[in-house]
Structures are given as C-alpha cells and as structure tokens.
Amino acid sequence: MEPNQFDKLDKLADAVYDKFEELHKAGHLKELKAKLEDLCASLATKYSISINMDLDVFDSEKEKSISMVRTGIACFGGEKKPFRVDSSSTVHTYITDGVIKKVPHDYCPSCWGVWDFKLLHSTCPECGAEMGKNVFLLLDTDVCPNCEEGKVSRSQPKCTKCNEVVNPDMVRWG
C-alpha cells in the first residue's frame, strides 16, 4: 500500500484501539463482559470466545484484505475471567518492483497474501514475489527488523540484541 495512505489507516487503527480501551476502562462493556463470563463458565475447555473491534482494509483488485488491528475481550471455556486481547503487526516498509509500499510485516507487499518471516522464507507462498529480487525491506531506522529491540546499520548489520545479521541482499538502507 502507498505509504501516505497506509499512514492514514495506521492512525485510524490507533484510534480504534484507543476507543475500545476507553470503552473497556470506563465500564461500558460490563454487560457484554458479564454475559461472556457466564457463557465461558459453561463451555467446554476446547472453546474460546472473543468479542472484537477490528479494522481491516480490503483491496477489490487483489481480492485480499489486511488486518490493521484487532482488539477485544476473550475467555476460555471452563473459566470465568475474560481478558483483553490485542492483535496487530509491526509495520514494515518495502521497495516492491521499484515502488515504496507499507504493510504489516506478515503480509506480502505485492499481493497482500500472508507471508511472515520474509527474511527466512524469501518467496511469497501466494504470488512468488522474492526478497532480494523484486522485494526489498527498506530499513530507514536503526531498529532490528527481526527482534525490533536491537540496533542494526549498514556498517554493523549484526543486531546488538538478538545477534541476527541483516542480509544485505534483501534490504535497502534509507
């Protein structure tokens, strides 16, 4: 997705998360939470239930969607205590066929198919896009793309935290 459009959606994803958190903390979900507690207490342990607020983007040409954020409450069967659930992926920037695109890290920037661990599995299982050929991870900060805690650079591609080495054939430094 074009970076400016993605950044607008990312702000909306933050707003969705913040609004759900506000509703949850203010007690506006008490009734739903109580019903969830009652139901989960009577369910078999093989079940879990969640109530979520999602932001997904669908591309009608690709016929695929990207999940920007999912936040909610959930519980396991046989238990009474619901808990908060959150699901969102770190955003990565790519150069795909010469065009800069942003997507959550577990999606293909070309076809939007599910493609996680791109630096280990270099070919998209859905469209065949390849890291180091027509897709490159754009590193425009010093944050390690593997652990997101350590530091990497062109001159020091080994992460200071996880010790993974950034493959120079698969990245472009910004």
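See the structure shown above.
Residues numbered from 1 in each chain as written. Predicted model: local features only at pLDDT ≥ 70, side-chain atom pairs only at ≥ 80, totals over all residues. Heavy atoms only, no water.

**Re the overall build of the chain**
Per the secondary structure count, the chain includes 2 helices and 7 strands. Written out in order from the N terminus, the α and β elements of the chain read α-α-β-β-β-β-β-β-β. For the C-alpha atoms alone, the extent of the chain along its principal axes is close to 55 × 40 × 30 Å. Every one of the 174 residues in the chain was classed for burial, and the buried ones make up 33%. Within the chain, contacts between residues at least 6 apart in sequence are counted, and of these 46% link residues at least 24 apart. Total accessible area computed for the chain in this model is approximately 10,400 Å², and 49% of it derives from carbon and sulfur atoms. Positive and negative side-chain charges in the chain, numbering 23 and 28 respectively, have mean positions lying 3 Å apart. (Helix = DSSP H or I, 4+ residues; strand = E, 2+ residues; numbered from the N terminus. Buried < 20%, exposed > 50% of the residue type's maximum accessible area, 1.4 Å probe, protein only. Contact = heavy atoms within 4.5 Å. Areas by Shrake-Rupley, 256 points an atom, 1.4 Å probe, with all protein chains shown as cover. Lys, Arg positive; Asp, Glu negative; His and termini not counted. Charge placed at Lys NZ, Arg CZ, Asp CG, Glu CD.)

**Here's the deal with the packing of aromatic side chains**
Summed over the entire model, instances satisfying the criterion amount to 1 aromatic pair. Ring geometry for phenylalanine 76 and phenylalanine 83: centres 5.4 Å apart, planes at 35 degrees, overall tilted. Of note, arginine 172 hangs over the ring of phenylalanine 136, and the distance from its end group to the ring centre comes to 3.8 Å. (Phe/Tyr/Trp six-rings, centres within 6.5 Å; stacked < 30°, edge-to-face > 60°. Lys NZ or Arg CZ within 6 Å of the ring centre and 35° of its normal.)

**Observations regarding the layout of surface pockets**
Summary: where empty space remains is shown by rolling a probe the size of a single water molecule over the atoms. One number sums up the size of the largest pocket: a volume of about 410 Å³. Lining the largest pocket are 17 residues, and of these Phe117, Leu119, Leu120, Pro145 and Asn146 sit closest to its centre. When the residues that make up the lining of the largest pocket are grouped by side-chain class, the tally is 9 nonpolar, 4 polar and 4 charged. Size it by volume and the second largest pocket reaches roughly 210 Å³. Lining the second largest pocket are 13 residues; nearest its centre among them are Val91, His92, Leu139, Asp140 and Thr141. Only strand E4 (91–96) and strand E6 (135–139) provide two or more residues apiece to the lining of the second largest pocket. Among the residues forming the lining of the second largest pocket, the class breakdown is 7 nonpolar, 4 polar and 2 charged. (1 Å grid on protein atoms, 1.4 Å probe; cavity = no way out; pocket = protein on both sides within 12 Å on 5 of 7 lines; lining within 4 Å. Points joined across faces, edges and corners; volume = space filled by probe spheres on them. Nonpolar A, V, L, I, M, F, W, Y, C, P; charged D, E, K, R; others polar.)

**Some remarks on the pairing of E4**
Summarising the sheet, E4 and strand E5 (residues 99–104) pair through 6 bridges and their orientation is antiparallel. Bridging from a neighbouring strand, isoleucine 95 pairs with isoleucine 100 of E5. The antiparallel hairpin formed by E4 and E5 contains 2 residues in its connecting segment, where aspartate 97 sits at a positive phi of about 50 degrees. Examined bridge by bridge, E4 and E6 share 4 bridges and lie antiparallel to one another. Within the sheet, the bridge partner assigned to threonine 96 lies in E6 and is valine 135. (Pairing = 2+ DSSP bridges.)

**Considerations on the sheet that holds strand E3 (residues 83–87)**
Pairing in this open sheet of 3 strands is antiparallel, and the strands run E1-E2-E3 from one edge to the other. Each edge of the sheet is formed by a strand with only one pairing partner; in this case those strands are strand E1 (48–59) and E3. Here the average twist between neighbouring strands, direction ignored, is 10 degrees. In terms of strand pairing, strand E2 (residues 64–76) meets E3 through 5 bridges, oriented antiparallel. Among the inter-strand pairings, arginine 70 is bridged to a residue of E3, identified as serine 87. Contacting E1 and E2, helix H2 (residues 30–42) runs over the sheet at an angle of about 70 degrees to E2. (Axes fitted to C-alpha atoms, helices over the stretch in contact; angles between N-to-C directions.)

**Let's talk about the pairing of E2**
Note: E1 against E2, 12 bridges, orientation antiparallel. Bridge pairing links serine 48 to phenylalanine 76 in E2. Connecting E1 to the next strand, E2, in antiparallel fashion are 4 residues, including glutamate 63 with a positive phi near 55 degrees. Taken together, E2 and the strand that follows it, E3, pair antiparallel across an intervening segment of 6 residues, in which glycine 78 is found at a positive phi of about 85 degrees.

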